[in-house]
Each structure stands twice: as structure tokens, then as C-alpha cells.
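# Structural description and commentary
Here is how the chains run, residue by residue.
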Amino acid sequence: NSIVKEILDSSIKQKGMTDAQILEEIYRYISNHYHYTKEHLPDGAFPPHAYTLETLLRHGVCHGYAISMVYIFRYLQIPVYYISGDDTVIVSIFTG
């Protein structure tokens, strides 16, 4: 995915970074570049494009922010778990 490559190229600027450093840089990148979707359909739902992967890596809803992080960490083969509840989303990362 070209968007993931762009995120990684912008985040991982030096060789030999630890997993924790890589995770921190990716988190910082997404925090600075991700935009929440405020557009609603007449029924109050978000439009379908708010849930596509390409959109999720750029903008979307809270769920998309978390899923974007999970997708990138799994792409890097870093173990990560996504847990959601009624009002909470947790992304848990294990860096050993």
C-alpha cells in the first residue's frame, strides 16, 4: 500500500530504531496527519467511504484511527491487539 509506505518513510528516518521508537514515530505521524470525518448522512451514520482502508489511513472516525494504527503495526509484524467496547477503543501493543 503506497499510503503505508509514505507513512513509514516519513516515520522511520534512521536505521537501528527500536520497536518502541518506531511505534512512537508512527503514532506521532498519524496524530499529526489524521483528520476526523465530521460528515454525516441524513440518518446520522458516517458515509461508506469513511470505512475504506485508504480513507482510514488519512481520515475517518475514531474506529478508523485505531484500525489505521493496528494495520500499520501488523504490516511491520509488531504484535498488536484491537479491543473495542461501547464507548472505548484500545490498541494494545506488545514490544517484548
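The text that follows walks through the structure, step by step, so that each part is easy to find. Because the structure is predicted, anything quoted here is derived from the model rather than measured. (Residues numbered from 1 in each chain as written. Predicted model: local features only at pLDDT ≥ 70, side-chain atom pairs only at ≥ 80, totals over all residues. Heavy atoms only, no water.)

## As for the overall build of the protein
Heads up, the condition is: Numbering goes from the N terminus for both helices and strands, where a helix is a DSSP run of H or I of at least four residues and a strand is a run of E of at least two. Whether a residue is buried, partly exposed or exposed follows from its accessible area with a 1.4 Å probe, protein chains only, as a fraction of its type maximum: under 20%, in between, or over 50%, in that order. Working rule for contacts: check all heavy atoms of both residues, and any pair within 4.5 Å makes them a contact. Using a 1.4 Å probe, the Shrake-Rupley method yields the accessible areas, and only the shown protein chains count as cover for residues.
Scanning the protein from N- to C-terminus turns up four helices and four strands. Seen in sequence order, the protein has helices and strands lined up from the N terminus as α-α-β-α-β-α-β-β. Here the protein, with 96 residues, has 31% of them falling under the buried criterion. In the protein, the proportion of contacts linking residues at least 24 apart, taken out of those at least 6 apart, comes to 43%. Taken as a whole, the protein presents about 6,300 Å² of accessible surface, with 54% of it coming from carbon and sulfur.

## Regarding the nonpolar core
Note the threshold: In this description, a nonpolar core means a group of buried Ala, Val, Leu, Ile, Met, Phe, Trp, Tyr and Cys residues linked to one another through side-chain atoms lying within 4.5 Å.
Counting 19 residues, the largest nonpolar core has Ile7, Ile26, Ile30, Leu57, Ile72 and Phe73 as the members making the most contacts within it. Contributing elements (two or more residues each) for this core: α1 (2–11), α2 (19–33) and α4 (62–75). Excluding residues within four positions of it along the chain, Ile26 makes contact with Ile7, Leu8, Ser11, Ile72, Phe73 and Leu76.

## Section: unusual backbone geometry
Note: most residues except glycine have negative phi, and most peptide bonds are trans. For Gln77, which is not glycine, the phi dihedral falls at a positive 60 degrees. Tracing the chain through its elements places Gln77 in the loop between α4 and β3 (80–84).

## Digging into the packing of α1 against α4
Where we set the bar: To obtain an axis, a line is fitted to C-alpha atoms, over the contacting stretch when the element is a helix, and the angle between two such axes runs from 0 to 180 degrees between their N-to-C directions. Just so you know how the angles are binned, under 35 degrees is roughly parallel, over 145 roughly antiparallel, 65 to 115 roughly perpendicular, and the rest oblique. Asp, Glu, Lys and Arg are counted as charged, while Ala, Val, Leu, Ile, Met, Phe, Trp, Tyr, Cys and Pro are counted as nonpolar; the rest, among them Gly, fall into the polar class.
Between α1 and α4, whose axes approach to 11 Å, the crossing angle comes to 80 degrees. On the basis of the axis angle, α1 is roughly perpendicular to α4. Two secondary-structure elements touch here, α1 through Val4, Ile7 and Leu8 and α4 through Tyr71, Ile72 and Tyr75. Grouping the constituent residues of the contact of α1 with α4 by class yields six nonpolar, no polar and no charged.

## A look at the environment of Ala50
By the element assignment, Ala50 lies in the loop between β1 (35–36) and α3 (53–56). Linking Ala50 and Lys38, residues 12 residues apart in sequence, is a C-alpha distance of 9.9 Å.

## Quick word on the pattern of salt bridges
Cut-off, in case you're wondering: The term salt bridge refers to a pairing of a side-chain nitrogen on Lys or Arg with a carboxyl oxygen on Asp or Glu at a separation within 4 Å.
Evaluated as defined, the whole model comprises three salt bridges. For Lys5, the salt bridge identified is with Asp9, shortest N-O distance 3.1 Å. One end of the pair is Lys5 and the other is Asp9, both in helix α1 and four residues apart, which spans about a single turn. Given the relative accessible area of 48%, Asp9 is considered partly exposed.

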